[in-house]
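As a plain string of letters, each chain reads:
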Amino acid sequence: MTSRSTASAEIAPPKLRAPIGTLAFGALLFAVGLEVRFDDLFAVGRPAVATALVGMVLPMAVGIAIALIAGEAIGTAAFVGLALAATSIGITSRVLAEM
């Protein structure tokens, strides 16, 4: 480790950052899932499904396109796209849960 200190190094060692992030993301989606009422979902029907699909596909497509334009391999591009989609879904879920 270099002599330069970073905030993330002070919070968690580098080897623990990914597992902690994964657990936190899973906990976030679980907590949001507990607050979802299926009656509300069924009441809005098709517009909700269309919005959800666009909210998943659009970040994925943009992430893949940007990574491919940057010259990354298709596997890396797919990873970037999926990471953006997962992050978008998590953030959107939390915002909707707060409403």
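Residues numbered from 1 in each chain as written. Predicted model: local features only at pLDDT ≥ 70, side-chain atom pairs only at ≥ 80, totals over all residues. Heavy atoms only, no water.

## Thoughts on the overall build of the chain
Along its length, the chain carries 4 helices and 0 strands. Starting at the N terminus, the α and β elements of the chain follow one another as α-α-α-α. Burial status across the chain gives 11% buried among its 99 residues. Counting every atom, the chain has about 7,600 Å² of accessible surface; 74% of that belongs to carbon and sulfur. (Helix = DSSP H or I, 4+ residues; strand = E, 2+ residues; numbered from the N terminus. Buried < 20%, exposed > 50% of the residue type's maximum accessible area, 1.4 Å probe, protein only. Areas by Shrake-Rupley, 256 points an atom, 1.4 Å probe, with all protein chains shown as cover.)

## Here we look at helix H3 (residues 38-69)
Compared with an ideal rise of 1.5 Å per residue, which puts 32 residues at 46 Å, H3 spans 40 Å between its outermost C-alpha atoms and falls more than 12% short. The axis of H3 is deflected most strongly, by about 95°, at Gly-45, and proline Pro-47 appears within four residues downstream. Pro-59, Gly-63 and Ala-67 are the residues of H3 that are buried. In the stretch just after H3, Gly-71 is the one whose phi turns positive, near 95°. (Expected span 1.5 Å × (residues − 1). Bend = angle between axes of the 7 residues up to and from the residue.)

## Some points on a nonpolar patch on the surface
On the surface, a nonpolar cluster with roughly 460 Å² of combined accessible area is contributed by Leu-29, Val-49, Leu-53, Met-56, Val-57 and Ile-89. Sorting elements by how many residues they give to the nonpolar patch places H3 first, with 4 residues. Looking at the secondary structure, you find Ile-89 in helix H4 (residues 74-98). (Patch = residues over 30% accessible without salt bridge, like charges linked within 9 Å, V, L, I, M, F, W, Y side chains within 5 Å. Salt bridge = Lys/Arg side-chain N within 4 Å of Asp/Glu carboxyl O.)

## Overview of the confidence of the model for the chain
Summary statistics for the chain give a mean pLDDT of 78 and a share of 81% for residues scoring 70 or more. The weakest mean pLDDT in the chain belongs to helix H1 (residues 7-11) at 58; the strongest belongs to H3 at 85. (pLDDT = per-residue confidence, 0-100.)

## Notes on the environment of Val-57
In this structure, Val-57 sits in helix H3. Along the sequence, Val-57 and Leu-84 sit 27 residues apart, while their C-alpha atoms lie 9.9 Å from each other.

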